[in-house]
Amino acid sequence: MNVLVLGSGGREHAISWKLAQSSQLNKLFIAPGNPGTGLVGENVDLDLKDFSGVAKFALDNSVNIIVVGPEDPLVLGIHDYFSDRDDLSGITVIGPKKEGAQIEGSKDFSKAFMMKYNIPTAKYKSVNKENLENGYAHLEKMKAPYVLKADGLAAGKGVLILDSLEEAKRELTTMITEAKFGAASRTVVIEEFLSGIEVSVFVITDGKSYKILPEAKDYKRIGEGDTGLNTGGMGAISPVPFANRDFMDKVDNQVIIPTIKGLRAEGIEYSGFIFFGLINVKGDPYVIEYNCRLGDPETEVVLPRLKSDLLDLFDGIASGTLSERDVQIDPRTATTVMMVSGGYPESYEKGKTIKGLSGVEDSIVFHAGTSNKDGLIQTSGGRVLAVTSYGKDIETALKKSYNSAGKIQFDGSYYRSDLGFDLVKKGQKT
Ligand code: AMP
Ligand code: GLY
């Protein structure tokens with residue numbers, strides 16, 4: 001099979017790395033890719049929003065499967081574009097159509113969906129220009145902290161958690177009337193605050209059956225001990241000790257099954273990945289958010305733990321026979337440490353030469369924000385490299401990731417050195 005992966009981050013490098021191991025793979029293309037994906041396939045220069053350009057490339061190169069890494073092309077309808085054109089109908093797009101992508105593209109949609117199908121989630125109210133006064137009244141009835149979420153895609157920045165009622169009212173006003181997050185915050189979801197530890201659970205589905213992939217915990221804050229600004233993710237660990245059999249059974253029965261059934265009941269044909277962002281509230285899973293794609297940096301630990309052939313699972317989606325495919329999971333722990341540019345997630349410099357990559361032996365280095373300048377690998381983004389390692393437990397895997405990260409240098413490089421602090425108690429086996 002010929003496969004085209006869309007995207008250019010650590011997630012897409014991990015997807016491409018995994019696909020490159022498949023005996024069923026003929027040619028692997030990545031658009032636009034990065035120097036890491038260039039090691040396992042051929043990078044091609046395509047604009048992910050130019051669907052006709054992607055289609056032309058796919059036809060010219062006999063692509064069978066297109067794997068969509070990020071959410072934007074899905075929310076914009078890349079899958080619909082391929083289904084609607086007769087000459088493209090033989091190409092399978094991994095990722096839902098526009099309607100299904102609303103689980104991520106609209107918080108208002110996903111909250112109403114969860115309420116309708118009794119899927120545990122925080123209580124909420126949707127507010128827009130027309131019912132802004134009701135929004136203020138709703139806030140007055142709530143207790144702090146106040147959670148405000150832009151309805152639409154806001155590059156992970158559309159969630160505000162505020163301690164004072166005054167601030168919450170003020171932010172609600174600017175989100176809606178001054179378009180703080182552009183069109184994305186024309187509607188705002190006010191949510192009850194849930195307290196607990198988070199875990200990301202992933203499934204792959206052909207719309208009828210589904211397979212659960214390894215769960216992971218990501219570390220979103222820039223600073224040690226989960227302090228400071230939110231980032232795209234500073235590292236991830238899989239498996240997650242508190243996501244034990246009992247908890248995962250609840251996730252399956254109370255969250256995954258009702259979601260898959262609910263999508264079918266709505267007449268939404270959903271194929272691809274579903275990412276359940278969950279919070280463990282006293283042993284019970286609640287959905288914080290759905291995403292219509294894999295997570296980053298979670299993918300950099302989830303796919304290394306998938307022993308089965310990922311392309312075979314994609315073929316199961318293409319033929320609607322996912323239920324017959326096998327998912328085997330590596331029992332080892334995988335950890336990834338994200339090396340970032342100094343200053344990230346605020347402003348940072350690019351173009352710093354990265355040294356020491358060839359000295360890494362015990363880890364897999366996934367490229368996230370790198371570029372190739374005349375044969376030199378340089379930084380080109382905030383999140384630069386994800387350093388993934390295996391181990392018999394969290395400590396062993398992390399030790400390897402930190403050891404490898406220590407061998408890689410670029411000016412201003414930073415990584416969190418406390419990953420797993422909330423999962424591993426000193427002296428406790430994981
Ligand atoms: P989201 O973009 O919906 O994943 O939200 C970003 C982050 O905000 C989440 O990862 C949580 O840490 C936090 N968050 C979102 N919703 C809530 C909630 N209802 N209660 C507590 N924390 C939340
Ligand atoms: N790591 C969270 C995300 O990919 O949205």
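Everything here concerns the structure above.
Being a predicted model, the structure only gives us computed values, none of them experimental.

About the thresholds
Residues numbered from 1 in each chain as written. Chains lettered and ligands numbered in written order. Predicted model: local features only at pLDDT ≥ 70, side-chain atom pairs only at ≥ 80, totals over all residues. Heavy atoms only, no water. Patch = residues over 30% accessible without salt bridge, like charges linked within 9 Å, V, L, I, M, F, W, Y side chains within 5 Å. Areas by Shrake-Rupley, 256 points an atom, 1.4 Å probe, with all protein chains shown as cover. Salt bridge = Lys/Arg side-chain N within 4 Å of Asp/Glu carboxyl O. Helix = DSSP H or I, 4+ residues; strand = E, 2+ residues; numbered from the N terminus. Contact = heavy atoms within 4.5 Å. Pairing = 2+ DSSP bridges. Axes fitted to C-alpha atoms, helices over the stretch in contact; angles between N-to-C directions. Near = heavy atom within 4 Å. Polar contact = N/O pair within 3.5 Å; in protein donor to acceptor, adjacent residues only side chain to side chain. Nonpolar A, V, L, I, M, F, W, Y, C, P; charged D, E, K, R; others polar. Buried < 20%, exposed > 50% of the residue type's maximum accessible area, 1.4 Å probe, protein only. Phe/Tyr/Trp six-rings, centres within 6.5 Å; stacked < 30°, edge-to-face > 60°. Lys NZ or Arg CZ within 6 Å of the ring centre and 35° of its normal. Core = buried A, V, L, I, M, F, W, Y, C linked by side-chain atoms within 4.5 Å.

**Q** Got a minute to help me understand a nonpolar patch on the surface in this structure?
**A** Residues V159, I161 and F193 make up a contiguous nonpolar surface patch of roughly 250 Å² in combined accessible area. Inspection of the secondary structure assignment puts I161 in strand β8 (residues 159–162).

**Q** I'm lost on the environment of A368 in this one. Help?
**A** Mapped onto the fold, A368 is located in the loop between β19 (364–367) and β20 (370–373). Counting along the chain gives 28 residues from A368 to V340, while the straight-line C-alpha distance between them is 9.4 Å. If we ignore the near neighbours within four places in the chain, the residues touching A368 are S8, G9, G10, N34, R383, V384 and L385.

**Q** Is there a simple way to think about the sheet that holds strand β2 (residues 28–32) in this case?
**A** Two strands in a sheet stick together by hydrogen bonds in their backbones, pointing the same way (parallel) or opposite ways (antiparallel). One open sheet holds the 5 strands; their spatial order is β3-β2-β1-β4-β5, and the pairing between them is parallel. The strands lining the two open edges of the sheet, one partner per strand, are β3 (42–43) and β5 (92–94). Across 5 bridges, strand β1 (residues 3–7) lies against β2 in parallel orientation. Paired with G7 across the strands is P32, a residue of β2. Against the sheet, helix α1 (residues 10–19) touches β1, β2 and β4 (65–68), its axis set at about 165° to β1. The sheet strands contacting helix α2 (residues 51–60) are β1, β2 and β4, and the helix crosses β1 at an angle near 155°.

**Q** When you look at the site of ligand 2 in this model, what are you seeing that I'm missing?
**A** Around ligand 2 sit D218, F275, N291, R293, G295, D296 and E298, and those are all the residues in its vicinity. In the environment of ligand 2, a nitrogen atom lies 2.8 Å from a nitrogen or oxygen atom belonging to the side chain of D218. Note that a nitrogen atom of ligand 2 is positioned 2.7 Å from one of the side-chain N or O atoms of E298. In the shell around ligand 2, the residues fall into 1 nonpolar, 2 polar and 4 charged.

**Q** Even after reading the chapter, I still don't get the pattern of salt bridges, so can you show me in this structure?
**A** Tallied over the full model, the rule gives 24 salt bridges. Across the salt bridge formed by K250 and D284, the nearest N and O atoms sit 3.0 Å from each other. In this pair, K250 is assigned in helix α9 (residues 245–265) and D284 in strand β17 (residues 284–291), connecting sequence segments 34 residues apart. With a relative accessible area of 23%, K250 lands in the partly exposed category. Taken together, the shared-partner salt bridges connect E71, E104 and R293 into one network.

**Q** Teacher, can you tell me more about the pairing of strand β9 (residues 188–191) here?
**A** One face of the sheet, then the other: side chains in a regular strand alternate in exactly this way. What you see with β9 is no split at all: V188 and I190 on one side and V189 and E191 on the other are buried throughout. Pairing analysis gives 4 bridges linking strand β6 (residues 124–127) to β9, with the strands arranged antiparallel. The partner of K125 across the bridge, within β9, is I190. Where strand β7 (residues 146–150) meets β9, 4 bridges bridge the pair, whose relative direction is antiparallel.

**Q** Would you mind showing me how to read the packing of aromatic side chains here?
**A** Two descriptors summarise a pair of aromatic rings, namely the distance from one centre to the other and the angle between the planes of the rings. If you walk through the whole model with that rule in mind, you get 14 aromatic pairs. Between F242 and F247, the aromatic rings sit 5.9 Å apart at their centres with planes inclined by 75°, giving edge-to-face as the arrangement. Here F242 and F247 have matching classes, each one buried. Ring pairs connect the aromatic residues F109, F113, Y117, F276 and Y290, which therefore count as one cluster. The ring centre of Y219 lies 4.2 Å from the NZ or CZ of K217, which sits over that ring. Of note, R332 hangs over the ring of Y390, and the distance from its end group to the ring centre comes to 3.9 Å.

**Q** Hey, could you run me through the nonpolar core in this one?
**A** In summary, soluble globular proteins display a tendency toward joint burial of nonpolar side chains. Formed by 58 residues in total, the largest nonpolar core has its most connected members in L4, L6, I66, F82, I274, F276 and Y290. Broken down by element, the residue count for this core peaks at 7 residues, all from α9. Setting aside its immediate chain neighbours within four residues, I274 contacts I103, V201, F202, V203, T205, T259, I260, L263, Y290 and N291. Counting residues in hydrophobic clusters, the runner-up holds 40 residues, among them L306, L311, L313 and I317.

**Q** Explain the site of ligand 1 here, please?
**A** Neighbouring ligand 1 are 14 residues, the closest being E191, E192, L194, E198 and E289. Measuring from a nitrogen atom of ligand 1, one finds a side-chain N or O atom of E191 at 2.7 Å. Within the contact set of ligand 1, an oxygen atom lies 3.0 Å away from a side-chain nitrogen or oxygen of E289. A total of 470 Å² of accessible area belongs to ligand 1 in isolation, and the protein chains cover 87% of it. Each residue belonging to the shell around ligand 1 can be placed in one class, and the counts come to 7 nonpolar, no polar and 7 charged.

**Q** Honestly, α1 in this entry has me stumped. Any pointers?
**A** Burial analysis of α1 places 10 of its 10 residues in the buried class, the great majority of the element. Within the span of α1, buried status applies to G10, R11, E12, H13, A14, I15, S16, W17, K18 and L19.

These figures come from the coordinates and say nothing about function on their own.
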